[in-house]
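# Structural overview for review
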Amino acid sequence: QVQLVESGGGLVQAGGSLRLSCVGSGMIYSLNIMGWYRQAPGKQRELVADITRDIITNYADSLKGRFTISRDNAKNTVSLQMNSLKPEDSAVYYCAAGFRRPMRYWGQGTQVTVSS
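Report on the accompanying structure. (Residues numbered from 1 in each chain as written. Predicted model: local features only at pLDDT ≥ 70, side-chain atom pairs only at ≥ 80, totals over all residues. Heavy atoms only, no water.)

### Section: the sheet that holds strand β7 (residues 67-72)
Just so we agree on the cut-off: Whether two strands pair comes down to DSSP finding at least two bridges between them. Helix and strand definitions here come from DSSP, where helices need a minimum of 4 consecutive H or I residues and strands a minimum of 2 consecutive E residues; each element is numbered from the N-terminal end. Each axis is a line fitted through C-alpha atoms, and for a helix only the stretch in contact is used; angles between axes span 0 to 180 degrees, taken between their N-to-C directions.
Strands sit in the order β1-β3-β8-β7 across an open sheet of four strands; the sheet is antiparallel. In the strand order of this sheet, the two ends are held by β1 (2-7) and β7, each with one partner. Mean inter-strand twist for the sheet, computed between neighbouring axes without regard to direction, equals 15 degrees. As judged from the six bridges shared by strand β3 (residues 18-26) and strand β8 (residues 77-82), these two strands associate in the antiparallel manner.

### Re the state of the cysteines
How we decide: Put simply, a disulfide is two cysteine sulfurs that come within 2.5 Å. Buried means the residue's accessible area, taken with a 1.4 Å probe over protein chains only, is under 20% of the maximum for its type, while exposed means over 50%, and partly exposed covers the values in between.
Taken as a whole and judged by the stated rule, the model has one disulfide. One disulfide bridge connects Cys22 with Cys95, the sulfur atoms lying 2.1 Å from each other. Since a negative S-S torsion denotes a left-handed disulfide, the Cys22-Cys95 link at about -80 degrees is left-handed. Of this pair, Cys22 sits in strand β3 while Cys95 is found in strand β9 (residues 91-98), placing the two residues 73 residues apart along the sequence. Cys95 shares its class with Cys22; the two are buried.

### A few points about the packing of aromatic side chains
For clarity, the cut-off: The criterion for an aromatic pair is that two Phe, Tyr or Trp rings (for Trp, the six-membered ring) have centres within 6.5 Å, with stacked assigned to planes under 30 degrees apart, edge-to-face to planes over 60 apart and tilted to the rest. Definition used: whenever NZ (Lys) or CZ (Arg) falls within 6 Å of the ring centre and also within 35 degrees of the ring normal, the charge is taken to sit over that ring.
Scanning the entire structure with this criterion turns up one aromatic pair. Measuring from ring centre to ring centre gives 5.0 Å for Tyr37 and Trp106, while their planes differ by 65 degrees; the resulting arrangement is edge-to-face. Placement of the pair is Tyr37 in strand β4 (residues 33-39) and Trp106 in strand β10 (residues 105-106), with a sequence separation of 69 residues. Taking the ring centre of Tyr94 as reference, the NZ or CZ of Arg45 above it sits at 4.0 Å. Lying across the ring of Trp106, Arg45 places its NZ or CZ 4.6 Å from the centre.

### Brief notes about the pairing of strand β5 (residues 46-52)
The two faces of a sheet get side chains in turn, since along a regular strand they alternate between them. The buried fraction of β5 is high, at five of seven residues. Judged from the six bridges that link them, β4 and β5 form a sheet pairing that is antiparallel. In the strand pairing of β5, Tyr37 is matched with Leu47. Between the antiparallel neighbours β4 and β5 lie six residues, among them Gly42 with a positive phi of about 80 degrees. Direction of pairing for β5 relative to strand β6 (residues 57-59): antiparallel, over a ladder of three bridges. In the strand pairing of β6, Ala49 is matched with Tyr59. The antiparallel hairpin formed by β5 and β6 contains four residues in its connecting segment, where Ile55 sits at a positive phi of about 65 degrees.

So, in structure tokens, the structure goes:
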């Protein structure tokens, strides 16, 4: 099994920044790909970004340039730096991991709220 624990969500004004972090534990080989998804009320869960153990990144096209994903393989962590936040970025952000896509393991989620 894999456990994923997120941190760093909260309330921020439009134009501000937040950094989300997630630490994984358990079956480490299952952390080959780690990433972030988000789900806003009434909408489907969508990919934000993911990153492989070889540091190959994959972003949702609409978020390129504002969001940056990174990982520390030694610490089994993945982070998401979110800049120039907009109210439409408000959502529950989920950390996810797996040996391959689609992701198999999910965190509990952390709320991000961007006020206008």
